[in-house]
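Coordinates in review
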Amino acid sequence: MKTLRIVFTLLLFSAITGCTSLKKMNYIQDDPDAADTATTGTLPDFVLTIQPNDILSIQLFTINAEAFPGIATTIDKQVIDNRSAYEKGFVVDGSGSIELPLIGKLTLTGYTLSQARDTIAERYKSYMDEPIVILKKLSFKITVLGEVAKPGVYYVPNEKITFFEGLGMAGDLTPYGNRKEIKVIRRDGLNYREIKVDLTTKAPLHSEVAFLHPEDIIYVSTTKKRGATTISPTVGIITSILATLTLMAALILRETQP
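For clarity, every value in this text was computed on a predicted model and none was experimentally measured.

Some remarks on the nonpolar core
In this structure, Ile120, Phe163 and Ile218 are the most contacted members of the largest nonpolar core, which totals 45 residues. Considering every element that reaches this core, the biggest residue donor is helix 3 (residues 113-124), with five residues. Apart from residues no more than four positions distant in its own chain, Ile218 is found in contact with Thr143, Val144, Leu145, Phe163, Leu167, Ile182, Lys183, Val184 and Leu212.

Considering the sheet that holds strand 5 (residues 132-137)
If you trace the three strands from one edge of the open sheet to the other, you get 2-1-5, paired in antiparallel fashion. Two strands lie at the open edges of the sheet, namely strand 2 (90-91) and strand 5, each paired on one side alone. Relative to strand 2, strand 1 (residues 55-61) runs antiparallel, the two being bridged by two bridges. Pairing of Leu56 across the sheet is with Phe90, part of strand 2. The strands that helix 3 touches are strand 1 and strand 5; relative to strand 5, the one it contacts most, it runs at about 145°.

Here's the deal with the sheet that holds strand 7 (residues 152-155)
In sheet architecture, strand pairing relies on hydrogen bonds along the backbone and comes in two forms, parallel and antiparallel. The sheet built from five strands is open, its strands ordered 7-6-10-8-9 with mixed pairing. Strands at the two margins of the open sheet, each flanked by one partner only, are strand 7 and strand 9 (191-197). Averaged over all pairs of adjacent strands, the angle between strand axes in this sheet comes to 20°, irrespective of strand direction.

Some words on the pattern of salt bridges
If the charged atoms of two oppositely charged side chains come close together, the side chains can form a pair. In this structure the tally under the stated criterion is seven salt bridges. With a shortest N-O distance of 3.6 Å, Glu194 and Lys183 are connected by a salt bridge. With Glu194 in strand 9 and Lys183 in strand 8 (residues 177-188), this pair connects stretches of sequence that are eleven residues apart. Residue class for Lys183 comes out partly exposed when judged on its relative accessible area of 32%.

Basis of the calculations
Residues numbered from 1 in each chain as written. Predicted model: local features only at pLDDT ≥ 70, side-chain atom pairs only at ≥ 80, totals over all residues. Heavy atoms only, no water. Core = buried A, V, L, I, M, F, W, Y, C linked by side-chain atoms within 4.5 Å. Buried < 20%, exposed > 50% of the residue type's maximum accessible area, 1.4 Å probe, protein only. Helix = DSSP H or I, 4+ residues; strand = E, 2+ residues; numbered from the N terminus. Contact = heavy atoms within 4.5 Å. Pairing = 2+ DSSP bridges. Axes fitted to C-alpha atoms, helices over the stretch in contact; angles between N-to-C directions. Salt bridge = Lys/Arg side-chain N within 4 Å of Asp/Glu carboxyl O.

Given below as structure tokens:
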């Protein structure tokens with residue numbers, strides 16, 4: 001009986017070291033006391049604005065494009081541009097301004113993309129007929145680091161991206177990612193601040209991290225049990241060997257007893 005008790009204890013230890021609580025793995029857990037599981041909430045407002053050091057793609061279209069070679073074009077004569085964002089974009093300088101052909105310097109800091117489009121188009125009306133401006137922000141990027149499947153820098157092609165979309169671009173958290181201790185490092189002028197996020201709550205749906213800002217860094221920390229989880233296969237092998245040897249020794253002793 002003593003031998004069987006030892007073997008059972010070793011096998012139980014091996015099983016425990018490889019287990020992880022589902023409560024610590026699930027996202028946006030519902031309130032168990034809630035009467036209705038269907039819940040609604042309000043997303044915070046987020047409007048993308050132009051800031052110093054941004055890189056903008058500005059395309060100008062007009063019906064008399066032939067009079068402005070190298071500046072304007074027509075919709076049916078667009079050219080595929082494979083240059084990098086820095087090469088083909090207009091960089092907003094430290095004072096928040098850009099300089100465009102014909103119309104000169106424009107200050108765009110704090111403008112939304114639609115406001116900047118309208119402002120540029122209005123200035124070009126003094127030189128050409130029916131100008132149409134297409135403006136995009138090429139430098140909207142986020143960085144996802146730590147315990148995610150694909151850490152790296154990701155460029156955002158739209159004007160908005162949610163926190164969960166950002167994690168999705170990085171392939172979601174690994175099993176070792178700490179769902180309760182995630183940091184969003186956000187630039188605030190010349191400073192930065194850290195925002196803590198707990199994925200097991202609904203806070204990421206309606207807090208200030210619901211939408212990511214340009215240059216945001218998401219860092220997913222590692223669970224404290226990763227060391228035990230990492231070595232659990234080795235522990236399991238050793239435990240199995242010890243259990244086997246213990247059983248063999250018990251059988252040999254029983255056979256040799258008179």
